[in-house]
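Observations on the model geometry
Chain by chain, the residues:
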Amino acid sequence: MPIGKTPLNAPSIPVRFARARSPLESRLRKELDAEVMFDAASRGRYSTDASIYQLMPIGIVVPRSEEAARAAIAIAVEEGVPILPRGAGSSQCGQAVGEALVIDHTKYLNRVLQVDPEIRRAIVQPGIVLDTLNAQLRRHGLWFPVDVSTSAQATIGGMTGNNSCGSRSIAYGNMVHNVLAIDAVTTGGERWHFGPMDQNLSGSYGEFIARLKILYQREKGEIEARFPKVLRRVAGYNLDHLGPPHANAAHLLVGSEGTLAYSERVHLKLARLPEKRALGVCHFPKFYTAMELTQHIVKLGPSAVELVDRTMIGLAREIPAFEKTVNAFIKGDPDAILLVEFADERAGRLKDLVQLMADLGLPGSVVEVMDEKLQKQIWEVRKAGLNIMMSMKGDGKPVSFIEDCAVPLEHLAAYTDRLTRVFEKNGTRGTWYAHASVGTLHVRPILDMRRDGAEKMRAIAEEACAMVKEYKGAYSGEHGDGLVRSEWIAPFFGPRLTAALGEIKSWLDPKGLMNPGKIVNPSRMDDRALFRFKPGYESHPPKPALDWSEWGGYDKAVEMCNNNGHCRKFDAGTMCPSYRATMDEKHLTRGRANTLRLALSNQLGADGEEAVKAALDLCVSCKGCKRECPTGVDMARMKVEFLAHYRSKHGLTMRDRAIGYLPRYAPWAARLAPLSNLFSGLMKGSLGFSAKRELPKWRTDFFTEEGTGDGDVVLFVDTFNRYFEPENARAALKVLEAAGYRVHAPRGLCCGRTFLSAGLVDQAKREARKMVEALAPFVAKGVPIVGLEPSCLFSLRDEFTVMGAGNSLKGALLFEEFLAQEPGKLKFKPTEQQVLLHGHCHQKAFDVMPAVEKVLGMIPGLKVSTVQTSCCGMAGSFGYEAEHYDVSMKMAELSLLPSIRSSSKDTLLVADGTSCRHQIADGTGRQAIHVARLLAEAL
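A few points on the structure. (Residues numbered from 1 in each chain as written. Predicted model: local features only at pLDDT ≥ 70, side-chain atom pairs only at ≥ 80, totals over all residues. Heavy atoms only, no water.)

Here the focus is the nonpolar core. Core analysis: the largest hydrophobic core is formed by 113 residues, its most contacted members being Phe144, Ile156 and Leu239. Sequence-distant contacts of isoleucine 156, that is, excluding residues within four places in its chain, are made with Val124, Pro126, Ile128, Leu130, Leu133, Phe144, Met175, Val266 and Leu268. In this structure, Met560, Cys567, Ala644 and Phe724 belong to the second largest nonpolar core, which totals 77 residues. (Core = buried A, V, L, I, M, F, W, Y, C linked by side-chain atoms within 4.5 Å. Buried < 20%, exposed > 50% of the residue type's maximum accessible area, 1.4 Å probe, protein only. Contact = heavy atoms within 4.5 Å.)

Put into C-alpha cells, the structure is as follows:
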C-alpha cells in the first residue's frame, strides 16, 4: 500500500531456515492433502499470538486429515525443520509463535469423534473449539468444565498443550485433571496412546513408560520439595503426575506446549451441567479488603470466585457491548468486586454469602443475580477481562509476563499490595482481575514495549519471582511458559528437575524440533529481537483520509489488535462473517489487522499493498468487530481508509464507478426506469456482476413526497428506499403521521455510503457536508432525524464523525429506535401473524435490535422470532459481484437461509436492510419486507 519509503532501519524478521524453504514447500505441496502457505503475508499472519512476541514461521500447513498432519511432521523431520502445532493462536506467552513449520489444525481437524454419556467421556480432535464442543454436549446434559475465558475461540488442542484452567477450576480442576488420555505422534513416527501408566505395556511405548517410572522414582523427593502446593501451577512438565495418585503419561503432554509430541486425539472427562446457578456480586470499598476476605468466601464451597477491579469496571463501561450489563450489576463506585458463583444452587448458599459479608462488616454489599440471561452477560464481561484491558489506547499497553502467578490465599492480600508498590517503583500501574478463588490474579503492568518496556519488565519480573518463591507459590499459574516464562522454570525447579525436563524431551524429540525454545533451553524473555515491536520498528501510514486522532493515527488504530482471536468465534454475534464462511486466518479481523500492521511497517516489502487488498477482499464491512471486538478494532473503517489510497493510486473500475456514483445518477435512471433496467441487465456481466443475481429494479413510481416543511420529524429517505423500494418510505410516512407527527422528507440528500464502499472518501465528505447543512435548522430546533436503511442511517452516527462533518447528526435514529422512544398515538389491530425477523449487521453493531423487537411487540398478538445470524452475505454490492457470489451464499447458508426454509410459508419475513431482503429472495424465493410496511399494514 502507499505507505512511504522503506526506512534504512526497518526491522527484518530473521528466518534461519530460508534455504530449506523451497524444497520443503515443494514436498509439502506434492505429498500432502493440505493447504500450504509460504508467502510473506500468510507467514506474517501466523507470526504473532496474543503475546508481545513476533517470529516469522517458515511456512504453514493446514492439513485436511490426520494422515496429512502426520505426513507433514514426517517431512519436516526429514528436512530438519522445527514443527509448531497451533490452535487458535490466542496464547499470551509466545507458545504459538516460532521459526518453524506451523501445523494449523483448526480448519479441518475439529470433530467430536465419540461421546459416551454413560461414563461421561469424549474423544475429540485437537482443532475443536471449546464452545463448539459444549454446544454438542449440551443435548446429553454434559459439558467440558475447563471453561477458559477464550472459550469462543480456544481449541481443545491448545488448551491441552497449555494446561488451561478456567474460572471454575476450584470446583473442576485444570486441564490436567480432565484429560484421560492422548493419542499422539512423535517425531520418530511412533503413534502412541498416552494414558494410565499402570497398564501392561510393551514395545517402544512400554520402554518409554519404564523410563518415566525410573525418572519419577529418582526425582520424587525433589518433586515433592520443589512443586508448589497450589492448584494453579503449569510450569514445565507435570512430573508430579508420573506417580500416584495420577500416574498418567498423558499428563506429561498436558502443558507441554507442543514441545514433546503432536496430539492427534484427546480423551476428555466430562461433567454434568449444573441445573441451576446462583451468582453473588460482592462489592468492596477497598481492593485490599476483597483480597483479604476471599479466603473466607471460598469456605462456602463456590464454583467460582472471580475478581474485577475498579479500572476494569471503568474500561468495560466505555465499551458499547458491555456498558448496559455493567450498569445492571454494579452499584455505586466499588474499588473491586468479587463474582461468587454457586453451582446446583439449592442449599441457599447465596443467602449464606449475604450473611457472611454482613458478618465481615459489609452488610448490603451483595447483588444477588438469579436470572440466567444476566448471569451469562456478567460472565461475558469477566471473560473479556484481558481484551477490556487491552482496549487502552496509546503505545503503553498491559503486558503479560507476571499475570498468572499463584499464591496461597492467606498471602493474597499481602502479595497484591507488595506487587502494587513494585509497579509504582517502576513508574507504572496494573489492573487486577480473575481467579481470586485459587490465588491467581491476572495483573499486567502498563509498559511501552517500543521504548523502555523491556527494562521495566525484567526489573518487575525479578521482584515478583522473589515474592512468589517467598510465599511458596507458582510463577506460572495458568497461561503457560512460552517465550515469556520458560526462563523462570529453573529458579523454581532447581538444576535437577530442570535437567529432568530436558531428559524427557530428548527421549520424545531427540532432534529438538518440536516447538523449540519453550520450556527446555529457553531464550531470555526480554530478548528484543523476539518482540513484535523490534528495535527500529517504525510504521509509515499515509496521510489519512479519515480522522484517526482518537487512536493517535491510523497505524495506532491498527495496532489495537492484540491478537486475542475473539473474532474467530461462532456465537450469536456478527463478527466475523468472512471467517465463518472460510475459516481462513487471512479472512479474519485479526488476520486483516496483522496484514495492515505488517504492511504499514514495511515488513511485507513491495507486496504489502496487494497483500492488504487480498486480505480485505472478503470484508463485508459489517461493523461486527466495531461492537464485538473488545479492543475496538473497526475493520470496516480501516477498509475505507485503505481503499481511499488504493483507488487514488490505481483508479476506479467501471463497476466501482457504477456503485459509488449511484446516488448521483439515480434520479435520472429512475425517470427512465424501463431503459435503465434493460441497460443494467445487458451490462451486468461486463461490469462484473454475477449472472446468478437479479440487480435491483429502478422504479418509475419512486418516492417524491416531501411532507410538510416545518415538520417535527425529519424522515431521511435514502437512495435505495427512494428509487428501488419506495413503498417502504411511503409506509414509514404513513406510520409516523398516524403517530401524530408532521413529517418533513427532504430530497437530494445522501449519506455517502456507496462512495465510501468504493473508497471515494472525498465524494462522501461532499455528501456529508451537504446533508449537515441541509438539516442544520432542524437539528438546531431539536427535530429528530429518522432513517430507514440501517447502513445509511448509521453513517450519520459513525463515518460522519470522522469525515469532518462533526457530531450534529450523531443523534439520528433508525425508524424503530424513534418509535420505541416516542410511539406517539400509534395503535395497531390484533393479529396472530408469525414473524421471522432478521437483523441487519449495522442494527446489531449499534445494538438497536431490542428497539426493533420492542416496536414489533406493540402489535397485539404478533409472534416475533429473531433469527440468530451473522451477516446475510449480500452486504451492499458485495454479494452481487461475480467473484464474491459463492462466499456470499455460504455466509447466508450458515444460519439465515436454513432458518427461513425451516419456517412455515405463512411466516412473514421481516428485514430492514435492502441487501438482506434481496439475499433472502435470491436464496429462498421468498419476499421479506421492511418493518415500516408491517407496521403500516397493522395500523
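Under the defined criterion, the tally for this structure stands at eight cavities of 30 Å³ or more. Looking at the largest cavity, its volume works out to about 720 Å³. Lining the largest cavity are 45 residues; nearest its centre among them are Ser91, Gly158, Met159, Asn162 and Ser164. Elements with a minimum of two residues in the lining of the largest cavity: strand S3 (83-86), helix H5 (156-162), strand S10 (262-269), helix H13 (372-383), helix H14 (385-389) and strand S17 (430-435). Within the lining of the largest cavity, the residues separate by chemical class into 15 nonpolar, 25 polar and five charged. As for the second largest cavity, its lining consists of 26 residues, of which Ile52, Met390, Lys397, Arg532 and Phe533 are closest to the centre. Split by residue class, the lining of the second largest cavity holds 13 nonpolar, five polar and eight charged. (1 Å grid on protein atoms, 1.4 Å probe; cavity = no way out; pocket = protein on both sides within 12 Å on 5 of 7 lines; lining within 4 Å. Points joined across faces, edges and corners; volume = space filled by probe spheres on them. Helix = DSSP H or I, 4+ residues; strand = E, 2+ residues; numbered from the N terminus. Nonpolar A, V, L, I, M, F, W, Y, C, P; charged D, E, K, R; others polar.)

This next bit is on the sheet that holds strand S22 (residues 813-814). Read from one edge to the other, the open sheet built from four strands follows the order S20-S19-S21-S22, with strand pairing classed as parallel. One side of each edge strand has no neighbouring strand; the edge strands of this open sheet are strand S20 (743-744) and S22. Pairing of strand S19 (residues 713-716) with strand S21 (residues 785-787) involves three bridges; the strand directions are parallel. Residue pairing in the sheet places phenylalanine 716 in a bridge with glycine 787 of S21. (Pairing = 2+ DSSP bridges.)

We now examine the packing of helix H11 (residues 320-329) against H13. H13 packs onto H11 with a crossing angle of 115 degrees between their chain directions and a minimal axis gap of 10 Å. The orientation of H11 with respect to H13, classified from their angle, is roughly perpendicular. Pair H11 / H13 crosses with left-handed handedness. Contacts between H11 and H13 involve Phe322, Thr325, Val326, Ala328 and Phe329 from the first element and Leu374, Gln377, Ile378, Glu380 and Val381 from the second. (Axes fitted to C-alpha atoms, helices over the stretch in contact; angles between N-to-C directions. Parallel < 35°, antiparallel > 145°, perpendicular 65-115°, else oblique. Left-handed = near helix turned anticlockwise from the far one by under 90°.)

Right, let's get into the packing of helix H21 (residues 589-600) against helix H22 (residues 608-616). Between H21 and H22, the shortest axis-to-axis distance is 9 Å and the interhelical angle comes to 165 degrees. Judged by the inter-axis angle, H21 sits roughly antiparallel to H22. Pair H21 / H22 crosses with left-handed handedness. Along the contact surface, H21 presents Arg592, Thr595, Leu596 and Ala599, while H22 presents Gly608, Ala611, Val612, Ala615 and Leu616. Within the contact of H21 with H22, the residues separate by chemical class into six nonpolar, two polar and one charged.

With that out of the way, let us pick up the pairing of strand S5 (residues 112-116). The side chains of a regular strand alternate between both faces of the sheet. Taken together, the four bridges between S5 and strand S6 (residues 121-124) define a ladder with antiparallel strand orientation. From the neighbouring strand, valine 112 faces S6, where its bridge partner is valine 124. If you look at the hairpin formed by S5 and S6, you'll find four residues sitting between the two strands, and arginine 120 has a positive phi there, around 55 degrees.

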